[in-house]
Every structure is written in structure tokens, then in C-alpha cells.
Amino acid sequence: MKRKKFDHKSGSAGETLASSTYARLRRDIIEGAFAPGSKLRMRQLCDRYAVGFSPIREALNRLLHDGLVRQTDLRGFAAAPLSGAELDELTKTRCWLNELALRQSIEYGDSAWEEQVVLTYHRLSRIPLWISGEDPANRGVNPAWEIAHRAFHASLISACGSSWLLRFCEQLFDVADRYRNLSHSPAVRRERQSDEHRPIMEATIARDAERAVQLLTQHLLRTAELGHRALEARDIAALRLQALNEAK
């Protein structure tokens, strides 16, 4: 039996439906439920999320502005493609904006901000990154870790004093997460032998801006490196598949 479809309505109920549809579709694109560059067909999305055309159309338009969706023609949409060039530009911009936000937070953050940084780190450190299976190839990323990881990074810059800067950093975090999720594939996955977040936390609450910025920048660059390796592995797999198809 098919679930009932709810269409977009005026007022708060319709706004809530549109917002929830946007949040679900956004999460699925970030987590890789839709392959980069794949078409996002309206009717299929309506069936997937059990809503009508209006909430889907509004969600796609919002995601277009977020950089997570591309318009393929006058009416078509696709999940934004991933590329090494975009990853480099994205990482450079993240380093710039996060440095500014972190320096401002260290300068102006109060004791409550320090406590929040320590608390979010403590929560992150207690959650395992991988779940299920003893074989690393069969492990998945722990959703609870993903939430705690985002909260920790947000806490570092939360006292910067600029809601605009925080929104830009969050938007870039979303796009970067698509590359980080791609790097969780068995071909690229690494075990975290050292805790990269603890030194960042310690330097931050010590108000050592230079060291905190250096460590955070190195962390973002290492994450980008994994993204590049994931893109290379994906391209190699695509070439092998193409070669197999041509040989048939």
C-alpha cells in the first residue's frame, strides 16, 4: 500500500513540509544516496519522500543555492558533480573562512564558549567512528559520530560574532562532507591512529590562535587529501568498467 502523498499547502503546515523535505533530500545528497552528477527526477523524488511536486521543487531550488544541486536544463536537476578542481577551491575557501572565524572566537569567546568546545570534543571522543563488523571493509561510519563531529567543528567558531560567517562555514562544511563521505569507501578508508581533534581543542581553549589555526588548517587539508584519493579511486573504477564493457 502506497503512503499518502501530501502536497505543499499555504501556512505553517506547508512550510514545515517543505522544510522537512528539503532537510531529508539535503541529507541524502550529502551522504551519497544520490551519485554525484545523477539526475534528480521529480516523480521519483515525490515517491521517495511521499510528497507532492511543490515541496520537492522548493527543496531543489534551495539546494541549488546551497551548491548541492545543479540545474541541467530549464526544468531538470542533478546532484552536483564532484571534482578535484572544486575540492581544491572548496578547501582553500574553508581554510580562509575557518581561520577568520576561529581567530575571532578565540579573541572574543567567553568561559561558556570554552566549556562548549570541551564538551563537544568530549562527546566526539567517546563515540566510535566505525560501526558493525570486524572486517574494516564492511564497516560503516557511525551516524552518531557524524553528528558529534559537526557539533565540535561548529563549537570552535561559534563565538566569532558573525552569523553570516557561520552560515558560510556551515554551507562549505556540507559540500565538503560529500567528499569526506566518498572517502569512506573501502578503497580509501583509513583507521584514525591519532586523534586529530584533541590538539585543536587544546590549542583553542589555551587561546593559542596561531597553533589552533595551524592545526585546524592541517586537519582540513588532510581531509581534502582523502577526498582526492577517493576521486582517483572512483575514476579508476569507472575506467575499468568501461574497458570491461568495451571488451564484451
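All values reported here derive from a predicted model rather than from experimental measurement. (Residues numbered from 1 in each chain as written. Predicted model: local features only at pLDDT ≥ 70, side-chain atom pairs only at ≥ 80, totals over all residues. Heavy atoms only, no water.)

### A short note on helix α2 (residues 42-49)
Step number 1: Burial in α2 covers these residues: Met42, Leu45, Cys46 and Tyr49. Buried positions in α2, seen along its axis, are confined to an arc of 105° and lie on one side of it. When the buried face of α2 is taken as reference, the exposed residues oriented beyond 90 degrees from it are Arg43 and Gln44.
Step number 2: Phi turns positive, to about 55°, at Ala50, one or two residues after α2. (Buried < 20%, exposed > 50% of the residue type's maximum accessible area, 1.4 Å probe, protein only. Helix = DSSP H or I, 4+ residues; strand = E, 2+ residues; numbered from the N terminus. Arc of directions from axis to C-beta.)

### Description of helix α3 (residues 53-66)
Step number 1: With 14 residues, α3 extends 20 Å from end C-alpha to end C-alpha; this agrees with the ideal 20 Å at 1.5 Å per step.
Step number 2: All of the buried residues along α3 are Pro55, Ile56, Ala59, Leu60, Leu63 and Asp66. Within α3, the buried residues cover an arc of 130° as seen down the axis, which keeps them to one side. (Expected span 1.5 Å × (residues − 1).)

### Quick word on unusual backbone geometry
Step number 1: Phi angles above zero are rare outside glycine, and Ala50 is one such case at about 55°.
Step number 2: Along the chain, Ala50 turns up in the loop between α2 and α3.
Step number 3: Taking relative accessible area as the criterion, Ala50 reaches 12% and is therefore assigned buried.
Step number 4: Even without a glycine there, the phi angle at Arg207 is positive, about 60°.

### Some details on the layout of surface pockets
Step number 1: Empty space within the largest pocket amounts to approximately 410 Å³.
Step number 2: Lining the largest pocket are 18 residues, and of these Arg27, Glu31, Glu146, Arg150 and Asp177 sit closest to its centre.
Step number 3: Contributing elements (two or more residues each) for the lining of the largest pocket: α1 (12-31), α6 (143-156) and α7 (163-182).
Step number 4: Class assignment of the residues belonging to the lining of the largest pocket gives a composition of six nonpolar, four polar and eight charged. (1 Å grid on protein atoms, 1.4 Å probe; cavity = no way out; pocket = protein on both sides within 12 Å on 5 of 7 lines; lining within 4 Å. Points joined across faces, edges and corners; volume = space filled by probe spheres on them. Nonpolar A, V, L, I, M, F, W, Y, C, P; charged D, E, K, R; others polar.)

### Points about the environment of Ile30
Step number 1: For Ile30, the location among the structural elements is in helix α1.
Step number 2: Among the residues examined, Ile30 registers a relative accessible area of 7% and is labelled buried.
Step number 3: Along the sequence, Ile30 and Val175 sit 145 residues apart, while their C-alpha atoms lie 7.1 Å from each other.
Step number 4: Those residues in contact with Ile30, other than ones at most four positions away along the chain, are Leu68, Asp174, Asp177, Arg178 and Asn181. (Contact = heavy atoms within 4.5 Å.)

### Looking at the packing of helix α4 (residues 84-108) against α7
Step number 1: Interaxial distance between α4 and α7 falls to 10 Å at its minimum, and their mutual angle equals 145°. The interaxial crossing formed by α4 with α7 has left-handed handedness. Side by side, α4 and α7 meet where Glu86, Leu87, Leu90, Thr93, Arg94, Leu97, Asn98, Leu100 and Ala101 of the first sit next to Leu165, Phe168, Cys169, Leu172, Phe173, Val175, Ala176 and Tyr179 of the second.
Step number 2: Here the residues of the contact of α4 with α7 sort into 13 nonpolar, two polar and two charged. (Axes fitted to C-alpha atoms, helices over the stretch in contact; angles between N-to-C directions. Left-handed = near helix turned anticlockwise from the far one by under 90°.)

### A few points about the packing of aromatic side chains
Step number 1: Within the structure shown, the criterion is met by two aromatic pairs.
Step number 2: Look at Tyr121 and Phe152: their rings are 6.1 Å apart centre to centre, the planes differ by 65°, and that puts the pair in the edge-to-face class. Here the residue Tyr121 occupies a position in helix α5 (residues 111-125), and Phe152 occupies one in helix α6, the gap between them amounting to 31 residues. As far as the burial class goes, Tyr121 and Phe152 line up, both buried.
Step number 3: Geometrically, the ring pair formed by Trp164 and Phe168 is tilted, given 6.2 Å between the ring centres and 45° between the ring planes. Here Trp164 and its partner Phe168 are both found in helix α7, four residues apart, which amounts to about one turn of the helix. (Phe/Tyr/Trp six-rings, centres within 6.5 Å; stacked < 30°, edge-to-face > 60°.)

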